[in-house]
Amino acid sequence: MGLLESISEPADLRRLDPSQLESLCAEIRRFLVSSVARTGGHLGPNLGVVELTVALHRVFESPEDVLLFDTGHQSYVHKLLTGRRAGFERLRQKGGLSGYPSRAESPHDVIENSHASTSLSYADGLAKAFQLQGRTDRHVVAVIGDGALTGGMAWEAMNNIATGDRPVVIVVNDNERSYAPTIGGMARHLATLRTTSGYERFLDWGKGVLHRTPVVGPPIFETLHGMKKGIKDIVAPQGLFEDLGLKYVGPVDGHDLPALEHALRQAKSYGGPVIVHAITRKGHGYEPAERDEADLFHAVGVIDPETGEPLAASGTSWTSVFADEMVAIGAARDDVVGITAAMCIPVGLDRFGKAFPDRVFDVGIAEQHAVTSAAGMATAGLHPVVAVYATFLNRAFDQVLLDVALHRCGVTFVLDRAGITGDDGASHNGMWDLAFLQVVPTLRIAAPRDAETLRAELREAVAVSDAPTVVRFPKGRVPAVIPAVGRAGGGDVLRREGEEDVLVVSVGAMAELALELADRLTAQGIGVTVVDPRWVKPVDPALVPLAARHDLVVTVEDGIRTGGVGGAVAQALRDAGVRTPLRDFGVPAAFLDHARPAEVKAEIGLTAQEISRQVVEAVARLAAPTEPSALS
Ligand SMILES: Cc1ncc(C[n+]2csc(CCOP(=O)(O)OP(=O)(O)O)c2C)c(N)n1
Ligand SMILES: CC(=O)[C@@H](O)[C@H](O)COP(=O)(O)O
Ligand SMILES: [Mg+2]
């Protein structure tokens, strides 16, 4: 039996002899490669934290001490060491292990939200609570990546943590990467600290030599130690962290277990806020990841474990169509610039960046800054395209509302991964944007249904200079063309068959479902018109008379029903005094467990089969003779 199988809880790890740890780490690495190659997942980030996570669980006693993982994509080793090895067979699958910490899975897990830069705020809150409860013996440890450290929340939290005397240990997992190399002053500062590792070695050397020097040695060391600041300034620039009031320990080799344990024990014994700066390598120990220029296997699909080559064909993605169209737009419009929040390749701005290197800006994991800096650019006459995953725009709502829309800035937001993304769990579904953006005055939303409408609607969006525009599309393969058979209601008619019984308003990528729904309804003798409005906000007034001519309106969208497009259409009908009943189908305002997108949609009834069942029922009810009302 391997060592890993002997560990069902962290106490088992702490009982291991230090001489066994190196082989344990090698076993964990082999397990990660073979297992994640079969399921897909965040292979690179987890290969980079094997020694760090082992050391954390040997020095701190989870769950009494609280271990927090920022973003959580690098928590696979933590899961292996807390008794969940068997669950990896179904990682990120329906009913299987989540790809992020999950309170339902283990008392060792706290942060389920996969949005970056939150861990230090959790840490500050937990530490304050423990202090009030008289439990300052409970350490709070937050593992935060160099990328997540570029997020504003992390600095808001550090500002608070630094003023306290609470035992918060911040472990900076510095692998110099988000997906790509981490940008900005923070990255530069970490690099400075990395290169001043001589400072620590100089101190350790001094301690060793002077302590061995009889009589005068120790007092000299104490004097030197007292002059530490002076030495540091000679050997290392004064740390930003220490300027804030945080003790700084490091930099320490994040793959050297004894050094890590030593540094973490130092931090644990300090009893106040302290930073441990660990230098790691994403993808460490797996050659295909180590040589992957793009993102060191940040997130992989099913791959050949020997070569690292992807085994699943993906086809043309929505992202790829956006990427190409941005290059074409950039060639025609030199005022168009691209902004990414540390995800240049994943959001498809890399081709634009290659073509126009000085017109793409990676701001780090800083969506709020991305949005308001775009307002600044637009104010100066540029047309910024802010490309983010839909779910990550959540945290920049105020910036969209009051920094962009209030000033009628011509900014285009391209929201990739809109709708149900599934595998990455509740915090990654791009299901909120259609609702929370409904309330933003002047802002317009386009939801393309295929590659052709994506290209057209992107061009239309960047042509708007006096209001914010949004173009949103899902993850994965894009249909080349879903043809229109005419125009009506201000949109494209995708199907017109039989009488005007049911009008289906199809939002964006729901077109394929809407057409299958039409097939099912016409098979039941129900006449259907399917219309794709293309621009779903504001509701086109021409939709109202079209709706008025039908017996029932059905809206389908891959966003939450609460406050979604369906609600906006219903309001437009009400405001016009049109009494045609409307049934809106979408995503419930709920936190949806991880599963394949199709499994999640089946679970919530967002399928043509389920919707047609309910629509047929509704049509039958409308056709049934009404009972003479007691009032008549
Ligand atoms: C708010 C937010 N924006 C973007 C992302 C997408 N994302 C996931 S992991 C990652 C990079 C994180 O880099 P780092 O914190 O250094 O962790 P590492 O992967 O290097 O371990 C990004 C940008 C996210 N999870 N949250
Ligand atoms: C952790 C994170 O936010 C991303 O890495 C997430 O896994 C998105 O993955 P896709 O790019 O495959 O949608
Ligand atoms: Mg990193």
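Definitions and limits used
Residues numbered from 1 in each chain as written. Chains lettered and ligands numbered in written order. Predicted model: local features only at pLDDT ≥ 70, side-chain atom pairs only at ≥ 80, totals over all residues. Heavy atoms only, no water. Core = buried A, V, L, I, M, F, W, Y, C linked by side-chain atoms within 4.5 Å. Buried < 20%, exposed > 50% of the residue type's maximum accessible area, 1.4 Å probe, protein only. Helix = DSSP H or I, 4+ residues; strand = E, 2+ residues; numbered from the N terminus. Domains from an automatic or database assignment. pLDDT = per-residue confidence, 0-100. Donors = N, O, S within 2.8 Å, 3.2 Å for Na, K, Ca; no water. Salt bridge = Lys/Arg side-chain N within 4 Å of Asp/Glu carboxyl O. UniProt positions renumbered as here; feature names shortened; annotations may be inferred. Contact = heavy atoms within 4.5 Å. Phe/Tyr/Trp six-rings, centres within 6.5 Å; stacked < 30°, edge-to-face > 60°. Lys NZ or Arg CZ within 6 Å of the ring centre and 35° of its normal.

**Q** I would appreciate a short explanation of the nonpolar core in the present structure.
**A** The nonpolar side chains of a soluble globular protein tend to be buried, and buried together. Leu393, Phe413, Leu437, Val504, Val554, Val556 and Ile611 are the most contacted members of the largest nonpolar core, which has 82 residues in total. Examining the composition of this core, we find that seven residues originate from one element, helix H21 (residues 511–522), more than from any other. Among the domains, domain 2 (318–472) and domain 3 (489–623) are the pair contributing at least three residues each to this core. Leu47, Val54, Phe60 and Leu260 belong to the second largest nonpolar core, which has 52 residues in total.

**Q** Teacher, can you tell me more about the confidence of the model for the chain here?
**A** Where the model shows low pLDDT, its predicted coordinates should not be examined in detail. Per-residue pLDDT for the chain averages 93, and the proportion of residues at 70 or more is 92%. Two numbers describe this predicted complex: its pTM, 0.93, and its ipTM, 0.99.

**Q** Sorry if this is basic, but what is going on with the coordination of the magnesium ion (ligand 3) here?
**A** A metal bound by six donors in octahedral fashion has ideal angles of 90 or 180 degrees, whereas one bound by four tetrahedral donors has an ideal angle of 109.5 degrees. Binding of the magnesium ion (ligand 3) to the protein goes through Asp146 (OD), Asn175 (OD1) and Arg177 (O), at separations of 2.0 to 2.2 Å. Going along the chain, you hit the donors of the magnesium ion (ligand 3) in the pattern D-x28-N-x1-R. On the criterion of sequence distance, the pair formed by Asp146 in the loop between strand S2 (140–145) and helix H7 (152–161) and Asn175 in the loop between strand S3 (168–174) and helix H8 (184–195) is long-range, its members being 29 residues apart.

**Q** How do you make sense of the pattern of salt bridges when you look at a structure like this?
**A** A pair can form between side chains of opposite charge whenever their charged atoms are brought close. Scanning all chains against the criterion turns up 39 salt bridges. Between Glu617 and Arg613 there is a salt bridge; the shortest N-O distance is 3.0 Å. Note that Glu617 and Arg613 are positioned in helix H25 (residues 608–623) at a spacing of four residues, about one turn of the helix. Among the residues examined, Glu617 registers a relative accessible area of 40% and is labelled partly exposed. Linked by salt bridges that have partners in common, Arg449, Asp450, Glu457, Glu460, Arg487, Asp492, Asp532 and Arg534 make up one network.

**Q** Would you explain the UniProt feature "binding site: Mg(2+)" (unreviewed entry) in the chain in this entry?
**A** As annotated by UniProt and renumbered to match this structure, "binding site: Mg(2+)" (unreviewed entry) occupies Asp146 and Asn175. Spanning 30 residues, the named residues nonetheless gather at one spot, since no C-alpha pair among them exceeds 6.8 Å. In this structure, Asp146 is in contact with Asn173, Asp174, Asn175, Glu176, Arg177, Thr182 and Leu190, ignoring residues within four places of it in sequence. On the basis of relative accessibility, which here comes to 10%, the residue Asn175 falls in the buried class.

**Q** Looking at this structure, how should I read the packing of aromatic side chains?
**A** Under the criterion given, the structure shown has eleven aromatic pairs. Seen in terms of ring centroids, Tyr389 and Phe392 are 5.9 Å apart; in terms of plane orientation they differ by 10°. Their pairing is stacked. Looking at Tyr389, the relative accessible area reads 7%, which means it is buried. On the basis of relative accessible area, Phe392 is assigned to the buried category, the value being 10%. For the ring pair Phe397 and Phe436, a centre distance of 5.7 Å and an interplane angle of 85° mean the geometry is edge-to-face. Residue Phe397 is located in helix H18 (residues 397–405), and its partner Phe436 is located in helix H19 (residues 433–436); the two are separated by 39 residues in the primary sequence. An aromatic cluster of at least three residues, connected via ring pairs, comprises Phe31, Tyr76 and Phe88. Positioned above the aromatic ring of Phe356 is the side chain of Arg359, whose terminal nitrogen or guanidinium carbon lies 4.3 Å from the ring centre.

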